[in-house]
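Survey of secondary and tertiary structure
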2 protein chains.
Amino acid sequence: MAVLLSGGLDSTAAIAVADREADLRLAISVDYGQRHRREIDSARRVAEMYRIPLTVLDLRDWGRSLKGSALTDPSVPVPADSYDVDSMAVTVVPNRNATMLMAAAGVAHAWGIEEVWTAVHSGDHVIYPDCRPEFIASAAQTAELGTGGHVTIRAPFVHMDKAQIVATGARLGAPFELTWSCYEGSETHCGVCGTCRERADAFDRAGVIDPTFYRKA
Amino acid sequence: MAVLLSGGLDSTAAIAVADREADLRLAISVDYGQRHRREIDSARRVAEMYRIPLTVLDLRDWGRSLKGSALTDPSVPVPADSYDVDSMAVTVVPNRNATMLMAAAGVAHAWGIEEVWTAVHSGDHVIYPDCRPEFIASAAQTAELGTGGHVTIRAPFVHMDKAQIVATGARLGAPFELTWSCYEGSETHCGVCGTCRERADAFDRAGVIDPTFYRKA
């Protein structure tokens, strides 16, 4: 299969599961002009470790045309607060997962690969509509119909929370020390933005030692 | 609404219908590195005529990662033959419509636009799986779920053939003389590729005078 690899915790754990379970052939990252593009370097290191090719899709022009998201619009600040609906709403990138999944399904088809995996999880359901189980089911059907039955989509973590994903990844030796979460995207994890807090909390709840250096934590 | 405007006959007729029927606000073209990128100039002229902004999404990097389609891979020749399944199969771009529709739905959401129109039609159903009614229904659902209910997709011509579209567009004064169909993408329509033949045939069957100069016809 091909795995959408952002370079964060969840998709890196998905790579570890895919590597164990089945025929892991390709990692796909999407550069949509996100502030935290440093995560693509992380994706590259993870793909190297698993000895699979990484295709980086440049969708920056699409990202630029989406005004108003803190992740792509430099005029909108990243919320430094808890990871909840109100504070994170500004980080929604309109229809991000649908766009990335359909682009990735096309690439998979061209490679003769039958599944695209995405690491969306239950902790994102409230904030991001395109991480919910009903969205994934619909996207899988759209990819199947759009590719004439050649490619489908799977979300192995859609019913897990981030702590369960960290526990699962840790059991399989996922290289979490290579991963990146911070939405700010500087040299080290800020430790105060919503995703940094969510990251630290997931390690804590999973009972796994957090290898991350947090600047301000 | 926003209309996916390739610069061809069908999407230009869709613009004419949208302009008559409802709140036409935006045209969206996608540059996926297609050989016939000349169609984007046509899209620009059509959008100017209707006095709406045109957003051109640069998805060329995605297009480059899709090997094996005659439309994006320079090593694969365009079939010079009839517009049928066997000869046109090589022009399939994997999951093209799903990718373009989901990217466009994100742009629409960012603009506060609730509908994305696509001009897929019944003549393409056999060749292109992502032009069929069941695909459109699924893509509409995926866009709705992916945008939290903000954007849906409509395909006003999904049950029409190309001759009916030409007749419909002609009645509304669609500027067919500005449009482009030829997959070869040189200065004039070649007149021998599958899409040129399909274009000439549609005018003929609709009983509408064809404004196109065909080089070799």
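See the structure above.
Residue indices begin from 1 for each chain and proceed along its sequence in written order. As they are written, the chains are lettered A onward and the ligands numbered 1 onward, keeping that order. Under the rules for a predicted model, residues below a pLDDT of 70 receive no local features and side-chain atom pairs below 80 are neither given nor counted, while totals for whole chains, interfaces and linings still include all residues.

**Considerations on the overall build of chain A**
Put simply, DSSP H or I for four residues or longer makes a helix, DSSP E for two residues or longer makes a strand, and each gets a number counted from the N terminus. Secondary structure summary: chain A contains eight helices and five strands in total. Ordered by position from N to C terminus, the α and β elements of chain A give β-α-β-α-β-α-α-α-β-α-β-α-α. To assign burial, the other C-beta atoms lying within 10 Å of each residue's own C-beta are counted, with C-beta atoms placed from the backbone; 20 or more indicates buried, 12 or fewer indicates exposed, and intermediate counts indicate partly exposed. Counting all 217 residues of chain A, 54% fall into the buried class. When contacts within chain A are restricted to residue pairs at least 6 apart in sequence, those whose partners lie at least 24 apart make up 70%. We call two residues in contact when the distance between their C-beta atoms, placed using the backbone, is within 7 Å.

**Remarks on the sheet that holds strand 4 (residues 115-117) of chain A**
Residue and element names in this part refer to chain A. Two strands qualify as a pair provided that DSSP identifies no fewer than 2 bridges between them. One open sheet accounts for five strands, arranged 3-2-1-4-5; its pairing is parallel. The sheet is open, and its two borders are formed by strand 3 (54-58) and strand 5 (152-154), each paired with just one other strand. Each strand of the sheet is rotated relative to its neighbour by a mean of 30°, with strand direction disregarded. To get an axis, a line is fitted to the C-alpha atoms, and for a helix only the part in contact is used. The angle between two axes follows their N-to-C directions and goes from 0 to 180 degrees. In the packing of helix 1 (residues 9-21) onto the sheet, contacts are made with strand 1 (2-4), strand 2 (26-31) and strand 4, and the angle to strand 1 comes to roughly 165°.

**Looking at the environment of A174(A)**
All names here are of chain A. With respect to the helices and strands, the residue A174 is situated in the loop between helix 7 (162-171) and helix 8 (194-206). Through-space distance from the C-alpha of A174 to that of Y50 is 9.8 Å; in sequence the pair is 124 residues apart. For A174, the contacting residues outside a window of four places in its chain are T12, A13, A16 and G169.

**What to know about the environment of A13(B)**
Residues and elements named next belong to chain B. On the secondary structure map, A13 appears in helix 1 (residues 9-21). Using a count of 28 C-beta atoms within 10 Å as the deciding quantity, one classes A13 as buried. In sequence terms A13 and C131 are 118 residues apart; their C-alpha atoms lie 17 Å from each other. The contact partners of A13, leaving out residues within four places of it in the chain, are A119, I165, T168, G169 and A174.

**Observations concerning the relation of the copies chain A and chain B**
Mapping chain A onto chain B calls for a rotation angle of 180° and an axial translation of 0.0 Å; the resulting RMSD is 0.0 Å. The symmetry that links the two subunits is that of a two-fold axis. Here 100% of the contact residues of chain A are again contact residues in chain B; the copies associate through an equivalent surface. Fitting of the copies onto one another was done by least squares over C-alpha atoms, counting residues only where both copies have pLDDT of at least 70.

**Looking at the sheet that holds strand 2 (residues 26-31) of chain B**
Residues and elements named next belong to chain B. Across the sheet, five strands lie side by side as 3-2-1-4-5; this open sheet has parallel pairing. Strands at the two margins of the open sheet, each flanked by one partner only, are strand 3 (54-58) and strand 5 (152-154). Within the sheet, the average angular offset between the axes of one strand and its neighbour, ignoring direction, is 30°. Bridge count between strand 1 (residues 2-4) and strand 4 (residues 115-117): two bridges; the pairing is parallel. Each bridged residue has a counterpart across the sheet, and for V3 the counterpart in strand 4 is W117.

**Some words on the nonpolar core**
We define a nonpolar core as a collection of buried residues of the types Ala, Val, Leu, Ile, Met, Phe, Trp, Tyr and Cys that are connected via C-beta atoms lying within 7 Å of each other. With 120 residues, the main nonpolar core has V3(A), A104(A), V116(A), V3(B), A104(B) and V116(B) as its most contacted residues. Beyond its immediate chain neighbours, meaning those up to four positions away, A104(B) contacts A2(B), L4(B), I28(B) and V116(B).

**What to know about the interface of chain A and chain B**
Across the contact, 36 residues belong to chain A and 36 residues belong to chain B. Going through the elements one at a time, strand 3, helix 3 (60-64), helix 5 (96-111) and helix 6 (133-146) of chain A are the ones with two or more residues in the side of chain A that touches chain B. Ranked by residue count, the leading element in the side of chain A that touches chain B is helix 5 of chain A, at 11 residues.

**Structural notes on the packing of helix 5 of chain A against helix 6 of chain A**
All names here are of chain A. Where helix 5 contacts helix 6, the axes come no closer than 10 Å and their chain directions differ by 30°. For helix 5 against helix 6, the interelement crossing comes out right-handed. Contacts between helix 5 and helix 6 involve A98, L101, M102 and A105 on the former and, on the latter, A139, A143 and G146. As a working rule, the residues Ala, Val, Leu, Ile, Met, Phe, Trp, Tyr, Cys and Pro are called nonpolar, Asp, Glu, Lys and Arg charged, and the rest polar, with Gly in that last group. When the residues that make up the contact of helix 5 with helix 6 are grouped by side-chain class, the tally is six nonpolar, one polar and no charged. Each crossing is labelled by how the near helix is turned from the far one, with a counterclockwise turn of less than a right angle marking it left-handed and a clockwise turn marking it right-handed.

**Re the environment of T179(B)**
Residue and element names in this part refer to chain B. Positionally, T179 belongs in the loop between helix 7 (162-171) and helix 8 (194-206). Residue class for T179 comes out buried when judged on the 25 C-beta atoms lying within 10 Å of it. Separated by 170 residues in sequence, T179 and L9 place their C-alpha atoms 5.9 Å apart. T179 has contacts with G7, G8, L9, T12 and S42, leaving out every residue within four places of it along the chain.

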